[in-house]
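Residues per chain, in single letters:
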Amino acid sequence: SLYFADIADDTRLNIADVRLRTVFQRPDGKKMELDILAASDCGRILAVEVKKTKEPVGMTPVQDFREKIKVLASLHPENQIIPAYFSAGGFTPDALEFCRKNSIGTAQELRLKGINA
C-alpha cells in the first residue's frame, strides 16, 4: 500500500524472492508473462504489471492483466496473489475504475507515499 493505491491487503510484506518477466502457461498452453513477482515469506505474492508508455492504459491491458492473475492464482492455490499495475502514463477512467472494482492496486509514479524524497 506504500507504492500502490487501492491494495486490499495492506499488511506489510517481507519479500523473500523477486522474479522479473516470469513466463507461465494457461491450461490450453497459451504463454503469459508477468513483469514482477515478489513472494513474501508468509506466502503472499505481489504480481505487478509495468507499462512505461506516455499514453494512459485502457481497458484491454487491465483486463488481460486480470486474466493473468486468475491463471497465476490457479497455478498457486496455496498463495494469496496481490495484483498491482504501474502505468507511467496513467489510466483511462474506465480502466482505473475496473482496477478498483477488481482489487488491482494502481500507481502512476515511482515514489513512496508520505515520504519526501
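Owing to the predicted nature of the structure, the values given are computational and were not obtained by experimental measurement.

Student: Residues and numbers for the environment of Thr22, please.
Tutor: Locating Thr22 in the fold gives a position in strand β1 (residues 15-25). Along the primary structure Thr22 and Met32 are separated by 10 residues, whereas in three dimensions their C-alpha atoms are 8.3 Å apart. Filtering out sequence-adjacent residues up to four positions away, Thr22 remains in contact with Met32, Glu33, Leu34 and Leu37.

Student: Describe in detail the environment of Ala16, supporting the description with residues and values.
Tutor: Relative to the helices and strands, Ala16 is located in strand β1. We classify Ala16 as exposed; its relative accessible area is 58%. Expressed as a C-alpha distance, the spacing of Ala16 and Cys42, which sit 26 residues apart in the sequence, is 9.1 Å. Sequence-distant contacts of Ala16, that is, excluding residues within four places in its chain, are made with Ala39, Ser40 and Asp41.

Student: So what about the pattern of salt bridges? Which residues, and what values?
Tutor: Tallied over the full model, the rule gives five salt bridges. For the salt bridge of Lys51 with Glu49, the shortest nitrogen-to-oxygen distance reads 3.4 Å. A salt bridge links Glu49 to Lys68; its shortest N-O distance comes to 3.5 Å. Taken as a pair, Glu49 in strand β3 (residues 44-51) and Lys68 in helix α1 (residues 59-75) lie far apart in primary sequence, 19 residues in all.

Student: For the side chain of Glu49, give the residues involved together with the corresponding values.
Tutor: Here Glu49 falls in the buried class, since its relative accessible area comes to 5%. Within the structure, the side chain of Glu49 is placed 3.4 Å from the side chain of Lys51, a separation counted as a polar contact. Those residues in contact with Glu49, other than ones at most four positions away along the chain, are Glu33, Leu34, Asp35, Phe65, Lys68, Ala84, Tyr85 and Phe86.

Parameters at a glance
Residues numbered from 1 in each chain as written. Predicted model: local features only at pLDDT ≥ 70, side-chain atom pairs only at ≥ 80, totals over all residues. Heavy atoms only, no water. Helix = DSSP H or I, 4+ residues; strand = E, 2+ residues; numbered from the N terminus. Contact = heavy atoms within 4.5 Å. Buried < 20%, exposed > 50% of the residue type's maximum accessible area, 1.4 Å probe, protein only. Salt bridge = Lys/Arg side-chain N within 4 Å of Asp/Glu carboxyl O. Polar contact = N/O pair within 3.5 Å; in protein donor to acceptor, adjacent residues only side chain to side chain.

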